[in-house]
Amino acid sequence: MSSTSSAGRSSAGVAELLRRFRVRAKLTQEALAEAAGLSARAIRVLEGGQRRYPRRTTLDQLAAALELSADEIQLLEVAARRPSVTDHLGIPRQVPAGIADFTGRTEQLAQLIEVLGIPLAVAPAVVVVAISGMGGVGKTTLAVEAARQVADEFPDGQLYVNLRGGSEPRSTADALLALLQSLGVQPVGTTDVQVLAKHYRTALAGRRMLIVLDDAAGAAQVVPLIPGTSSSAVVITSRQRLFELPGARHLDLDVLPEPEAIALLGEVVGSALVNQNPAAALQVVRRCGLLPLAIRIAGGHSSKTAAGFLQLAATLADDSGRLDALTGSGRVVNRSVAVSLAALSVGNAVDVAAAETFPLLACFDGDWFPLRAAAKVLGRSMDDTEDLLERLVDLHLLETRSPYRYHLHDLVRDVGRDLARTVLSEAALADAFHRELECYLAMLWRYAELLGVVDLYGSWTATSWSAEAADQTDPGQVLSWLEGELANLVRLVRAAAAGDEAERLAAVRLALGMPRLARTLMRFAEAYDAMSAVVTLPVELDISLEQGRLYQMSSVSGALGLIRESLTWGEQELPLARAIGEPTRLSASLVDLAENLGFDGRAAEGLRYAEEALSLVVDTGASTNEAGANLAVGILAGQMGDLARQQAMFARAIELLLATRPVSAALGWRLIGVSLRESGQHKAALTALNSAIELARGAKTEALEGTAITEIGVTWFETGDYSKSCDVLAEAVAIAVRHPQEHQEARPRHQRGRALAELGMVAEARLEWEKAIALYERIADPQADEVRGLLAGLAQR
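**Focus: the sheet that holds strand β3 (residues 210-216)**
So, step 1. Strand order across the open sheet formed by 5 strands is β2-β3-β4-β1-β5, with parallel pairing between neighbours. Only two strands of the sheet have a single partner each, and these edge strands are β2 (158-162) and β5 (249-252). Going from strand to strand, the sheet's axes swing by 15° on average, the running direction of each strand aside.
So, step 2. Looking at chain direction, β3 and strand β4 (residues 233-238) are connected through 5 bridges and run parallel. Each bridged residue has a counterpart across the sheet, and for Ile211 the counterpart in β4 is Val234.

Written out as C-alpha cells, the structure is:
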C-alpha cells in the first residue's frame, strides 16, 4: 500500500499535471518527448514521480510542446518549486523533502503520526521517538514522511540535524551550535555541551517544534539535544537501538516484507514489468536484501523493458569481485550501487560521464553540495554537470533537497568514497578540495565586487579572487546562493584552517569575505564562527590581510553585542591600520573603535578616535566613512553633554545620508533619534525617528520600521505619556510578531511592560515582562536579567 504526504495531497504535483496535460494533448510519452526535445526516459521519470523538481529549461520545453496557457505554466512552475528551509515568516522548515513514491510502512507510519500528534495539554513530558534499524532500511524516509504529515501540529517549525552516526559522528557541541543558529541564538562563545544545551532548551521553551535528529551514533550523542519541556517533540533515527535513552518510545524498523518490497520496486521500474515478471521481481528484491535504498538504486537503472528487467535480476545475482567487500546493509547497497554504475558505464555519453564522476562527488563533505561547486570540481559546464547529477538522481544515487543542491545517503557516500580511494590519487582528491575552495572564494568576492566595494586586500589584482565567478552579474542572485551556502562556507573555512600553508591562506581569504555578507543578511553567527577559526591562525600574511582579519573579527563581535571582545581585537588591529595608512581602512577602524568605547561607557576616549576619523576623511576625501564619522562624533558628543556639537554633526550626517540607500538612511536616522532622546531632546528625537519610519516604509522594510516605532514608544515613555507609549509599543509588538526571524519582539514587550506598570495595569505588565524574558532567553540576551529585576520590583508594590 502506498502513502503520500499531506503536502502531496493538497495540490497537484508535476507528475499529475504533466500526465493530465499530455493526455489532453493526445500524445504518448514518446511523442511528447520528441516534440519537447527530451528523452522518453525523462518523460517516464517525471510522470512516475521519480523526479519531482525538473529544471527550468525542461519546464519551458514541456510548456511549448503541450501549448500550455500562462495559468497552466504557472501551475506547473509552482508544482516544480522545491520547498524552502524557512517559510515567508522565517519559521524554520528544515525537514528534507519527502519522496514521491513512499511505499509501505503503513502500520509504522500510523504509529509514529499518532505519537507525534499527542496533544500538548496531555503530554506528560517531551515526546521522543527513536526509530532504529540497519542502514538503508528507510528510517529517515519514514521520519520525514511522518514529519510532513504532522507539520500543522508544530506551528513554530521543524529542525533537522544529520548526526552522521555511520562513520565520523558529528560532535554534540557542533550539533547544538547548528540548532542554536537555526533558532536565532547569538554565539555564546563556548563549545561546552552543558552550556550550549542550557541555551538550546531555553530557546525551545514555549515553542511547539518538531526536531528530527537523523542517524544518531548513540544515546550519549543525543541526550543533550532533547528539549526540556513537553511543548516540542523529537524523532531520532539510529542504526542501533537506543536503550539508554530515557522516556523514549522505540520503533524498530526491519527490512520490508516481500510484498511491500515488490510494490516499491513497481513504483521504481513500473508495476507492469513487475506484474509480468514476478519471479524476476522477487529475485531482485531478495538480492537487494529487501532494503528500500538498495531497491531504489538497483531499480533506477533498469531500461524499463522486460529484457532489461531480467538482465537486472541476473546481474544482481552475481556476487563476484569487489561486491564481497562489505557485509550486511553495506554489502547489499554496495551491490546495488555497483550494478547501477556498471550499467551506466556502457550507456550513452551522459551515463558514462555520470559513472566516472560519482566517486569524486562522494568526496564532498557537508550535508549537501551545490551544483556550482560540483561543476567547478568536475571541470565541466553548469549545464553538463546538471545533466550528470540529475541522471544520478534518476538512479537514486543522489537526492535533491533544495534547488540545485544535492545530497548522498551515508551508505551510498561510503561506497563512493571506497571507490574513490581505488580510482583517484591523493593529488586528485586534494585538487578537488582546492577547486571547491576556489568556487566559494570566487562567489564571496564576486558579490563584493558587484557591490563596488573598495578592494582592501588585493582581491582583484593580477590573480583575482573572484575570477571563477566572472559569469555572475546579478548581486541579488549571488547573495541568494551565498545565503544558502552559509553552513558550507563555515565548514570550508574550518577544513582549510586545518590544512597546509596554502589552504590556511585560503581560509583567511574566505573568512574575510563573510562579514560583508553577514551585514547584508543581518546574520552574524556564521561570520563570527569563520573569523574565530582564522583570527589567530598561524599563517604568513601580508600586513593588509593581518589587519583585515583582526578588524573583521572586531566588527562581527561588535555586531553581536560582544563589546569587550570587539574592543580587544580593535585595539590590536588599529596600529596595523595606521601602519598601512590607507584612509578608508583607517577611518573605518577609528569609527568602530570609537563607537564601541561609547557603548563601554568610555565616551571621552571614544570621541578622540571619532574626531581623528572625521579629520582623516575630510582631509583625504575618503568619503566612504564620512557619514559614519559624523554620526560617531555626534553620538559621543551627546553622551558628554555637548549638544551644540551633537546637532552640528548630525546635520552634516543627515546631508550625507540623503545620498545613500533608503535603508542606510533609515538606520542613520534611527541612531540619531536614539542619541537625541538619550541626551534629553525628546521632541527632536521624535522627529528623527519619524523620518526613519518614513524611509523604512518607502524601502518596504517593515522590520526596520518596527525598531524605529519601538524607539518612539520609549521616547513617549520618557516624556511621561505612558498611555501613548503603551499604544505605540503595541504597534511595534504587532510588527515584530510578523517578523519572528528578526528576534525583535522582546524589546517592545519589555518597554511596554514599563508603560503598563506606570498606568497601574500590573497584571498586563507582568504578562508582557514574562513574555519578554522568554524571548530574551531564547537568543541568550542578557537583558532578560533586567526584566527579571522589574518583575521582582513589581512584586514588592
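**Regarding the pattern of salt bridges**
So, step 1. Within this structure, the stated rule accounts for 38 salt bridges.
So, step 2. Of the charged contacts, one joins Arg239 and Asp215 as a salt bridge, the two residues approaching to 3.3 Å between their closest N and O atoms. Of this pair, Arg239 sits in the loop between β4 and β5 while Asp215 sits in strand β3, and the two are 24 residues apart along the sequence.
So, step 3. Here Arg239 falls in the partly exposed class, since its relative accessible area comes to 31%.
So, step 4. Given a relative accessible area of 7%, Asp215 falls into the buried group.
So, step 5. Residue Arg677 is joined to Glu718 by a salt bridge in which the shortest nitrogen-to-oxygen separation is 3.8 Å. Linking Arg677 in helix α33 (residues 662-678) with Glu718 in helix α35 (residues 702-719), this pair joins segments that are 41 residues apart in sequence.
So, step 6. Taking the relative accessible area as the measure of exposure, Glu718 reaches 41% and is therefore partly exposed.
So, step 7. One network of salt bridges, in which partners are shared, links Arg164, Arg170, Asp174, Asp367, Arg494 and Asp529.

**Description of the packing of aromatic side chains**
What characterises a pair of aromatic rings is the spacing of the ring centres plus the angle enclosed by the ring planes.
So, step 1. Across all of its chains, the model carries 6 aromatic pairs by this definition.
So, step 2. Their ring planes at 25° and their centres at 6.0 Å tell us that Phe369 and Tyr406 sit as a pair that is stacked. Residue Phe369 is found in strand β6 (residues 369-370), and its partner Tyr406 is found in strand β8 (residues 405-407); the two are separated by 37 residues along the sequence. Judged on exposure class, the residue Phe369 and its partner Tyr406 are both buried.
So, step 3. For the pair Tyr440 and Trp481, a centre-to-centre distance of 5.2 Å together with 45° between the ring planes defines the contact as tilted. Note that Tyr440 is positioned in helix α22 (residues 426-450) and Trp481 in helix α23 (residues 475-484), a separation of 41 residues in sequence. With respect to class, Tyr440 is no different from Trp481; both count as buried.

**Section: the packing of helix α37 (residues 746-758) against helix α39 (residues 783-795)**
So, step 1. Direction vectors running N to C along α37 and α39 enclose 15°, while the axes themselves pass 11 Å from each other. In terms of their interaxial angle, α37 and α39 are classed as roughly parallel. The chirality of how α37 crosses α39 is left-handed. Together, His750, Arg754 and Ala757 of α37 and Gln783, Glu786, Val787, Leu790 and Leu794 of α39 make up the contact between the two elements.
So, step 2. Its residues assigned to classes, the contact of α37 with α39 comprises 4 nonpolar, 2 polar and 2 charged.

**A look at helix α10 (residues 193-204)**
So, step 1. Look at α10: 16 Å from first C-alpha to last across 12 residues, which is about the 16 Å you get at 1.5 Å a residue.
So, step 2. For α10, every residue scored as buried is listed here: Leu196, Ala197, Tyr200, Ala203 and Leu204. All buried residues of α10 project into a common sector of 125° when viewed along the axis, lining one side. Exposed side of α10, more than 90 degrees from the buried face: Gln194 and Lys198 are the residues found there.
So, step 3. Those residues of α10 that are buried lie in contact with α9 (172-182), β3 and α38 (762-778).
So, step 4. At the N-terminal boundary of α10, the capping side chain belongs to Asp192, with an oxygen 3.0 Å from the backbone nitrogen of Gln194.
So, step 5. Gly206 occupies a position one or two residues after α10 and carries a positive phi of about 85°.

Cut-offs used in this document
- Residues numbered from 1 in each chain as written.
- Predicted model: local features only at pLDDT ≥ 70, side-chain atom pairs only at ≥ 80, totals over all residues.
- Heavy atoms only, no water.
- Pairing = 2+ DSSP bridges.
- Helix = DSSP H or I, 4+ residues; strand = E, 2+ residues; numbered from the N terminus.
- Axes fitted to C-alpha atoms, helices over the stretch in contact; angles between N-to-C directions.
- Salt bridge = Lys/Arg side-chain N within 4 Å of Asp/Glu carboxyl O.
- Buried < 20%, exposed > 50% of the residue type's maximum accessible area, 1.4 Å probe, protein only.
- Phe/Tyr/Trp six-rings, centres within 6.5 Å; stacked < 30°, edge-to-face > 60°.
- Parallel < 35°, antiparallel > 145°, perpendicular 65-115°, else oblique.
- Left-handed = near helix turned anticlockwise from the far one by under 90°.
- Contact = heavy atoms within 4.5 Å.
- Nonpolar A, V, L, I, M, F, W, Y, C, P; charged D, E, K, R; others polar.
- Expected span 1.5 Å × (residues − 1).
- Arc of directions from axis to C-beta.
- Polar contact = N/O pair within 3.5 Å; in protein donor to acceptor, adjacent residues only side chain to side chain.

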